[in-house]
Amino acid sequence: MSRALRFIRSSQGDSDKVSLSLQRETTDELLDELGYDEDNVDDVDLGIHTGFSRHTKDIDDDNRLDNHPEVEAAVERLKDGVYDHVIAYDDTRICRDDYYFVIKDAAIQGGTEFKFTDNIDTESLAFRVKRVVEMWIKLQEIRKSKAARKRRRENGGREGTPPTGLDWDDDRHGWVPDDDFEAVLRVLALKDAGYTHREVVAEVDVAGSTGTVSNIIERREEYEEQMLEHGYTYSDVEPAEAR
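Cut-offs used in this document
- Every chain is numbered on its own, with residues counted from 1 as its sequence reads.
- pLDDT decides what is reported in this predicted model: residues at 70 or higher carry local features, side-chain atom pairs at 80 or more are listed and counted, and totals for whole chains, interfaces and linings draw on all residues regardless.
- As a rule here, side-chain values cover all heavy atoms of the structure and leave hydrogens and water aside.
- A 1.4 Å probe rolled over the protein chains alone gives each residue an accessible area, and that area as a share of the maximum for its type sets the label: buried under 20%, exposed over 50%, partly exposed in between.
- Here a strand is any run of E in DSSP of at least two residues, a helix any run of H or I of at least four, and the numbering for each starts at the N terminus.
- Here a strand pair is declared whenever DSSP counts at least two bridges between the two strands.
- Each aromatic pair joins two rings of Phe, Tyr and Trp (for Trp, the six-membered one) with centres within 6.5 Å, and gets the label stacked for planes under 30 degrees apart, edge-to-face for over 60, and tilted for any other angle.
- What makes a nonpolar core is a set of buried Ala, Val, Leu, Ile, Met, Phe, Trp, Tyr and Cys residues whose side-chain atoms join them at distances within 4.5 Å.
- Contacts were defined at the residue level, with two residues in contact if any of their heavy atoms lie within 4.5 Å.
- Axis definition: a line fitted to C-alpha atoms, over the contacting stretch in the case of helices. Angles run 0 to 180 degrees between N-to-C directions.
- Any angle between 65 and 115 degrees counts as roughly perpendicular, while under 35 counts as roughly parallel, over 145 as roughly antiparallel, and the rest as oblique.
- Two helices that cross are described as forming a left-handed crossing if the nearer one is turned anticlockwise from the farther one by less than a right angle, and a right-handed crossing if clockwise.
- Two distance rules govern patches: like charges are joined within 9 Å, and nonpolar side chains (Val, Leu, Ile, Met, Phe, Trp, Tyr) within 5 Å, applied only to residues with over 30% relative accessible area and no salt bridge.
- Using a 1.4 Å probe, the Shrake-Rupley method yields the accessible areas, and only the shown protein chains count as cover for residues.
- By definition, a salt bridge exists where a carboxyl oxygen of Asp or Glu is found within 4 Å of a side-chain nitrogen of Lys or Arg.
- Asp and Glu are treated as the negative residues and Lys and Arg as the positive ones, with His and the ends of the chain left uncounted.
- By convention, the point assigned to a charge is CZ for Arg, NZ for Lys, CD for Glu and CG for Asp.
- The span expected for a helix works out to 1.5 Å for each residue beyond the first.

Before going further, it helps to spend a moment on the pairing of strand S3 (residues 85–88). Where burial is concerned, the two faces of S3 agree: the one with His-85 and Ile-87 and the one with Val-86 and Ala-88 are both buried. Sheet topology places strand S1 (residues 4–10) next to S3; three bridges connect them, and they run parallel. Bridge pairing in S3 links Leu-5 to Val-86. Of the strand pairs in this sheet, S3 and strand S4 (residues 113–116) are connected by four bridges, and their pairing is parallel. Residue Ala-88 lies in a different strand from S4, and its bridge partner there is Phe-116.

Structural data, given as structure tokens:
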């Protein structure tokens, strides 16, 4: 019986516009066209990952694609001829640097064909030039991000992704309220009025899920410090009817 291996991966940063949900949706359609059902598909779903390997400098060992256990295992299965097809949205979902050709060589050994939802001629010169350009752009993003994190550490700045309702200041040193900040204050006000998490989600678009509501509540002290610093009050938001 035929079997397929599907790669799903996205990168942080502005240069990667292909969402994980779009990849899953379009590859599902391709798998269906090729006659596969979910029992005959193995996923290497990496979520957010750099997509780079030992073939690229400046990549931490922990973030290398070729160090990922799911990728290592998949490459061995490709060599063993387990799969008929490798499926992905495009070639960069598999890998961004020359480790792609290591994976492709394993597929050739096992007699596996590559299929992409985004039609690509992987043998053309244009393909190779495009791959080099995209790799260079992404590497610049990674290097800039690492340099910014280093500067923030040296200067005692914030680390990580800003929470809901906050964004980086102009110097990318600390966090400041963004357009969703008042919605976050309304979440806190509704919780103080006795609303359940699910009721808050129904009332406030930015809440999104009960998990987001929990995260906002856990950061109440941070949000209230931002309120004082930037002149917000709970009176700035729609009053919450007590439950």
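Following the structure, the description resumes.
A few words on the packing of aromatic side chains. Taken as a whole, this structure holds six aromatic pairs when the rule is applied. Ring centres of Trp-168 and Trp-175 lie 6.1 Å apart, and the angle between their planes is 70 degrees; on these two criteria the pair is classed as edge-to-face. For Trp-175, a relative accessible area of 7% translates into the label buried.

So, on to the nonpolar core. Core analysis: the biggest nonpolar cluster contains 21 residues, and Leu-5, Leu-78, Ile-94 and Phe-114 have the highest contact counts within it. The set of elements that each furnish at least two residues to this core consists of S1, strand S2 (41–48), helix H2 (69–79), S3, helix H3 (99–109) and S4. Tallying contributions element by element places H3 first for this core, with five residues. Not counting the four nearest positions on each side in its chain, Leu-5 is found in contact with Asp-42, Val-44, Ala-74, Arg-77, Leu-78, Tyr-83, His-85, Val-86 and Ile-87. By size, the runner-up hydrophobic cluster in this structure holds 19 residues, among which are Leu-166, Trp-175, Val-204 and Val-213.

Attention now goes to the sheet that holds S2. An order of S2-S1-S3-S4 is seen for the four strands of this open sheet, with the pairing classed as parallel. Only two strands of the sheet have a single neighbouring strand rather than two, namely S2 and S4. Taken over all neighbouring pairs, the strand axes of this sheet differ in orientation by 20 degrees on average, direction set aside.

In this section: the packing of helix H5 (residues 181–192) against helix H8 (residues 220–230). At a minimum axis separation of 11 Å, H5 and H8 run at an interaxial angle of 125 degrees. In this view, H5 runs oblique relative to H8, as classed from their interaxial angle. Both H5 and H8 take part in a crossing whose hand is left-handed. Of the residues in H8, those touching H5 at Phe-181, Val-184, Leu-185, Leu-188 and Asp-192 are Arg-220, Tyr-223, Gln-226 and Met-227.

All right, on to a negative patch on the surface then. The grouping of Glu-25, Glu-29, Asp-32 and Glu-33 at the surface amounts to a negative patch. Relative to the helices and strands, Glu-25 is located in helix H1 (residues 20–33).

Here we take up H5. If you check H5, its first and last C-alpha atoms are 17 Å apart, about what 12 residues at 1.5 Å a residue would give, namely 16 Å. All of the buried residues along H5 are Phe-181, Val-184, Leu-185, Arg-186, Val-187, Leu-188, Ala-189 and Leu-190.

Here the focus is the pattern of salt bridges. The tally for this structure, following the rule as stated, stands at 12 salt bridges. Asp-90 is the salt-bridge partner of Arg-93, the closest N and O atoms lying 3.2 Å from each other. Grouping residues by exposure puts Arg-93 and Asp-90 together as buried. Counted as one network, the salt bridges with shared partners bring together Arg-6, Asp-28 and Asp-43.

Attention now moves to the packing of H2 against H3. Packing of H2 against H3 leaves a shortest axis separation of 6 Å and a crossing angle of 35 degrees. Within the contact between the two elements, H2 uses Val-71, Val-75, Leu-78 and Lys-79 and H3 uses Tyr-99, Ile-103, Ala-106, Ala-107 and Gln-109.

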